[in-house]
Amino acid sequence: MIRHIVFFSARKREDVERIAEELGMLGQIPHSDFFEIGINRKVDQLGGEVDVVVYGEFRDEAALAAYKAHPIYAECITKVRPLREMRLAADFVSKAGAAGSGGRKGR
């Protein structure tokens with residue numbers, strides 16, 4: 001399983017909700033086994049730079065590549081890029097089971 005995690009910060013504080021809402025369209029892409037968007041609660045005393053988190057689980061590299069090649073992914077980038085300051089992404093192989101019950105979640 002591939003875990004895909006992306007962190008975003010907003011250029012303007014008032015755009016955090018809009019970024020999360022726009023990122024929610026990624027949940028319509030059919031290639032993930034589990035997907036969700038979260039707004040950072042900012043309770044960690046060591047850092048609060050991250051505003052929104054995208055988390056997805058994919059069966060394999062091919063499913064993740066198909067997700068990133070989907071037209072909705074490109075549309076989302078077009079909508080979110082002007083609103084965000086920072087974007088950090090990580091994809092890693094996990095041998096653990098899926099976080100969800102195989103269902104899909106959205107914001």
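What counts and how
Residues numbered from 1 in each chain as written. Predicted model: local features only at pLDDT ≥ 70, side-chain atom pairs only at ≥ 80, totals over all residues. Heavy atoms only, no water. Salt bridge = Lys/Arg side-chain N within 4 Å of Asp/Glu carboxyl O. Helix = DSSP H or I, 4+ residues; strand = E, 2+ residues; numbered from the N terminus. Buried < 20%, exposed > 50% of the residue type's maximum accessible area, 1.4 Å probe, protein only. Pairing = 2+ DSSP bridges. Axes fitted to C-alpha atoms, helices over the stretch in contact; angles between N-to-C directions. Contact = heavy atoms within 4.5 Å.

**A short note on the pattern of salt bridges**
Next, step 1: Throughout the structure, instances matching the rule amount to nine salt bridges.
Next, step 2: Of the charged contacts in the structure, one is a salt bridge between Arg13 and Asp51, with a shortest N-O distance of 3.2 Å. Residue Arg13 is found in the loop between strand E1 (2-10) and helix H1 (16-23), and its partner Asp51 is found in the loop between strand E2 (34-39) and strand E3 (52-58); the two are separated by 38 residues along the sequence.
Next, step 3: Residue Arg13 is classed as exposed on the basis of its relative accessible area, which comes to 56%.
Next, step 4: Here Asp51 falls in the buried class, since its relative accessible area comes to 5%.
Next, step 5: Residue Glu75 pairs with Lys79 through a salt bridge whose shortest N-O separation is 3.4 Å. One end of the pair is Glu75 and the other is Lys79, both in helix H3 (residues 71-80) and four residues apart, which spans about a single turn.

**Things to note about the pairing of E3**
Next, step 1: Among the seven residues that make up E3, six are buried, leaving the element largely enclosed by the rest of the structure.
Next, step 2: In this structure, E1 lies alongside E3, joined through seven bridges in antiparallel fashion. Residue pairing across strands places Phe8 opposite Val52, the latter belonging to E3.

**Points about the sheet that holds E1**
Next, step 1: Taken together, four strands build an open sheet; the order of strands is E2-E3-E1-E4 and the sheet is antiparallel. Sheet topology places E2 and strand E4 (84-93) at the edges, where each strand pairs with a single neighbour. Each strand of the sheet is rotated relative to its neighbour by a mean of 10 degrees, with strand direction disregarded.
Next, step 2: Across the sheet, H1 touches E1, E2, E3 and E4, and the angle it forms with E2 is around 170 degrees.

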